[in-house]
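# Coordinates in review
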Amino acid sequence: MNLAVPQASSLEALPDGPLDLPAPAHADFAAWQLLESVCDPEIPVVSLREIGVLRAVNRQPQGLQIIITPTYNGCPAMEQMQDDVRRCLQQAGMQASVITRLSPAWSSDWITDEAKAKLLAYGIAPPHSKPADDGQNRIRLVQKRAPVQVACPQCGSVETTETSHFGSTACKAMYKCLACMEPFDYFKPY
Amino acid sequence: MNASAEFVLHLADNALILGQRNAEWCGHGPILEEDLALANNSLDLIGQARLLYQHVAELRDDGSTEDSLAYFRDQQDFLNFTLLELPHSTALAPSARAERDYAITITRNFLFSAYMLLVWEQLQHHADAQLAAIAVKSLKEVKYHLQHAADWLVRFGDGTEESHARAQAAIDFLMPYTQEFWSEWPSAQAVLGDTTVLLSAWQTTVHEVLTQAGLQLPPSDGYVTQGRAGIHTEHMSYLLAEMQSLARQHPGATW
């Protein structure tokens with residue numbers, strides 16, 4: 001537990017949504033582009049920007065300040081991601097500090113469309129958009145939830161069933177395809 | 001310690017102690033999917049505990065760290081609800097060494113998650129921006145925990161004769177401990193304000209799920225436990241010994 005401490009400093013507003021790679025003319029394009037190679041260690045096909053974890057690159061007198069945000073509070077990959085970001089920039093001769101911010105809270109809606117396509121190709125069904133919060137029935141303990149159609153990443157069939165709401169990582173549920181019988185992960189809307 | 005630092009410490013201790021308890025199922029779950037579910041639940045709770053301890057350390061500004069708070073405090077310094085430190089052993093068991101009972105695990109998760117859903121909802125608008133940020137993130141997680149526990153409680157209550165009997169025994173045994181959620185405590189009042197609205201919402205949730213499960217709502221009366229004031233059961237020291245011994249034998253160890 002004695003690793004980098006998330007901080008509440010830097011109170012400038014962070015973006016609340018998916019981020020595109022900035023245009024080449026952007027002052028920090030080089031850093032953004034280098035960071036395209038840093039992936040979520042548990043889903044090594046999407047970059048931290050694409051999955052919504054990388055939130056900002058700020059210029060400071062002592063170097064770059066990179067802001068990342070956790071997906072789930074207990075995500076054990078956070079420290080690894082901080083190290084990977086720092087190392088990636090250092091190897092290119094850039095000094096960088098990495099800080100973690102909690103707000104605004106990460107949502108699976110921040111995953112870019114390109115990343116959703118990559119997840120699918122990797123065998124993980126990408127998350128559906130989160131339903132709009134109508135303030136009603138925010139949690140349905142008794143009434144059955146409306147079934148969500150999750151297409152099998154192997155064969156495309158929507159004849160699938162959730163075998164467990166909790167999977168190999170906090171962000172995924174386990175599904176089984178009833179057409180091709182393959183098990184697969186579904187990235188949960190969050 | 002001021003009221004809000006004390007209440008945040010209480011929230012952190014709650015999350016850590018239940019996270020530690022539920023992690024006992026890791027490798028021992030009744031089925032693989034539940035093993036994963038409880039491990040996920042623990043990971044969420046321990047993640048929440050870390051953020052909360054870090055915030056306590058900031059608020060106290062006395063050199064404490066998340067590690068010193070988790071590993072180097074003794075039983076009487078922990079402010080968690082007594083409910084959360086109880087072992088998973090069956091309500092009808094003669095001793096804490098008896099076999100773990102999943103009905104206890106699920107019923108406790110249900111009662112506590114239903115409470116925390118309301119607490120996090122309230123705190124997401126708190127003036128302390130970091131506490132509010134932790135609340136927004138934790139709220140997402142506790143919804144999963146509550147849904148998971150409620151689904152299983154209904155399945156137990158509405159299941160076989162044995163699952164029904166065990167679930168009823170669990171709720172009968174645990175319900176009195178929930179009095180501690182609502183007993184008067186200035187630190188809670190300072191942060192949460194008037195909790196009577198929360199109490200009524202919590203009772204509605206409990207009633208709704210128990211009714212669906214075909215379980216009887218037991219009275220919650222008798223002795224009011226005081227884990228929150230550092231007065232714990234005999235189970236707490238065993239839990240802490242298991243959790244803290246490595247850190248204390250090898251202070252500052254890393255891997």
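All residue numbers refer to position in the chain's written sequence, counted from 1. All chains are assigned letters beginning with A, and all ligands numbers beginning with 1, in the order in which they are written. In view of the model being predicted, local features appear only for residues whose pLDDT reaches at least 70, and side-chain atom pairs are presented and counted only at 80 or more, with totals across whole chains, interfaces and linings using the full set of residues. As a convention, hydrogens and water are excluded, and side-chain values are obtained from all of the structure's heavy atoms.

### A short note on the packing of helix α4 (residues 102–123) of chain B against helix α6 (residues 161–174) of chain B
Residue and element names in this part refer to chain B.
- The axes used here are C-alpha line fits, helices contributing only the stretch in contact, and every angle between their N-to-C directions lies in the interval 0 to 180 degrees. What counts as a helix is a DSSP run of H or I of at least four residues, what counts as a strand is a run of E of at least two, and both are numbered from the N terminus. Across the interface, α4 lies against α6 with an axial gap of 9 Å and an inter-helix angle of 50°. Here α4 lies oblique to α6, going by the angle between them. Classified by chirality, the crossing of α6 by α4 is right-handed. Here A103, I104, T107, R108 and L111 of α4 lie close against α6, whose contacting residues are R166, A167, A170, I171, F173 and L174.
- Residue polarity is assigned by list, with Asp, Glu, Lys and Arg as charged and Ala, Val, Leu, Ile, Met, Phe, Trp, Tyr, Cys and Pro as nonpolar; anything else, Gly included, falls into the polar class. The residue makeup of the contact of α4 with α6, split by class, is eight nonpolar, one polar and two charged. In this scheme, roughly parallel covers angles under 35 degrees and roughly antiparallel covers those over 145, while 65 to 115 is roughly perpendicular and the rest are oblique. Handedness of each helix crossing follows the sense of rotation of the near helix against the far helix: counterclockwise by less than a right angle gives left-handed, clockwise gives right-handed. Two residues form a contact once any of their heavy atoms are found within 4.5 Å.

### Notes on the domain arrangement of chain A
Residues and elements named next belong to chain A.
- Where a domain begins and ends is set by an automatic assignment or by a domain database. According to the domain assignment, chain A contains domain 1 (1–122) and domain 2 (123–187).
- Between domain 1 and domain 2, the contact holds 14 residues from the first and 14 residues from the second.
- Of the roughly 1,200 Å² buried where domain 1 meets domain 2, counting both sides, 66% is carbon and sulfur surface.
- Only one rule defines a salt bridge in this text: a Lys or Arg side-chain nitrogen within 4 Å of an Asp or Glu carboxyl oxygen. Our count for the contact surface shared by domain 1 and domain 2 stands at zero salt bridges.
- In protein, a polar contact requires one atom able to donate a hydrogen and another able to accept it; more generally it is a pair of N or O atoms within 3.5 Å, and residues adjacent in sequence count only if both atoms are side-chain atoms. Our count for the contact surface shared by domain 1 and domain 2 stands at six residue pairs in polar contact (both at pLDDT 80 or more).
- The leading source of residues in the side of domain 1 that touches domain 2 is helix α4 (residues 113–122), at five residues. The quantity reported as buried area is the accessible area (1.4 Å probe) lost by two parts once they are put together, taken as the sum for both.

### Section: the nonpolar core
- Put simply, a nonpolar core is a bunch of buried Ala, Val, Leu, Ile, Met, Phe, Trp, Tyr and Cys residues held in one set by side-chain atoms that sit within 4.5 Å of each other. Between buried and exposed lies partly exposed: a residue is buried under 20% and exposed over 50% of the maximum accessible area for its type, with that area taken using a 1.4 Å probe on protein chains only. If you look at the biggest cluster of nonpolar residues, it comprises 78 residues, and the most contacted ones within it are L11(B), Y53(B), F110(B), Y115(B), W120(B), L123(B) and W202(B).
- At 15 residues, α4(B) tops the list of elements feeding residues into this core.
- Setting aside residues up to four positions removed in sequence, F110(B) forms contacts with L146(B), A149(B), A150(B), L153(B), T205(B), V206(B) and V209(B).
- Grouped together as the second largest cluster of nonpolar side chains are 38 residues, L19(A), A96(A), W110(A) and Y144(B) included.

### Points about helix α5 (residues 129–157) of chain B
Residue and element names in this part refer to chain B.
- To estimate how far a helix should extend, the number of its residues minus one is multiplied by 1.5 Å. Across its 29 residues, α5 extends 41 Å between first and last C-alpha, which sits within 8% of the 42 Å expected from 1.5 Å per residue.
- When the local axis directions of α5 are compared, the greatest deviation, roughly 30°, occurs at S138.
- α5 sits mainly inside the fold: 24 of its 29 residues count as buried.
- A distance of 3.2 Å separates the backbone nitrogen of Q130 from a side-chain oxygen at the start of α5, and that oxygen is part of D128. The bend at a residue is defined as the angle formed between two axes, one fitted to the seven residues ending at that residue and one fitted to the seven starting there.

### Regarding the interface of chain B and chain A
- Residue-level contacts link 41 residues of chain B with 37 residues of chain A.
- Approximately 3,500 Å² of surface area, both sides summed, lies buried where chain B meets chain A, with 58% of it carried by carbon and sulfur atoms.
- If you sort the residues of chain B by the area they bury against chain A, K137(B), K140(B) and Y144(B) come out on top, with a joint share of 21%.
- R50(B) is the partner of E79(A) in a salt bridge, and the nearest nitrogen-oxygen pair spans 3.3 Å.
- The set of elements that each furnish at least two residues to the side of chain B that touches chain A consists of α2 (32–60), α3 (66–71), α4, α5 and α9 (196–213) of chain B.
- The dominant element in the side of chain B that touches chain A, judged by the number of residues it contributes, is α5(B), at 15 residues.
- Taken together, the residues of the side of chain B that touches chain A break down into 16 nonpolar, 12 polar and 13 charged.

### With respect to α4(B)
Residue and element names in this part refer to chain B.
- Between its first and last C-alpha atoms α4 spans 30 Å; for 22 residues at 1.5 Å apiece the expected length is 32 Å, and the two agree.
- Most of α4 sits inside the fold, with 21 of its 22 residues counted as buried.
- Capping the start of α4, D101 holds a side-chain oxygen 2.9 Å from the backbone nitrogen of A103, two or three residues further along.

### Looking at the sheet that holds strand β4 (residues 63–68) of chain A
All names here are of chain A.
- Read from one edge of the open sheet, three strands run β3-β4-β5, paired in mixed fashion. In the strand order of this sheet, the two ends are held by β3 (54–60) and β5 (96–100), each with one partner. On average, adjacent strands in this sheet sit at an angle of 20° to one another, irrespective of strand direction.
- For two strands to pair, DSSP has to find at least two bridges joining them. Where β4 meets β5, five bridges bridge the pair, whose relative direction is parallel. Residue pairing for β5: L64 is matched across the bridge by A96.
- Each of β4 and β5 touches helix α3 (residues 78–91); the most contacted strand, β5, lies at about 160° to it.

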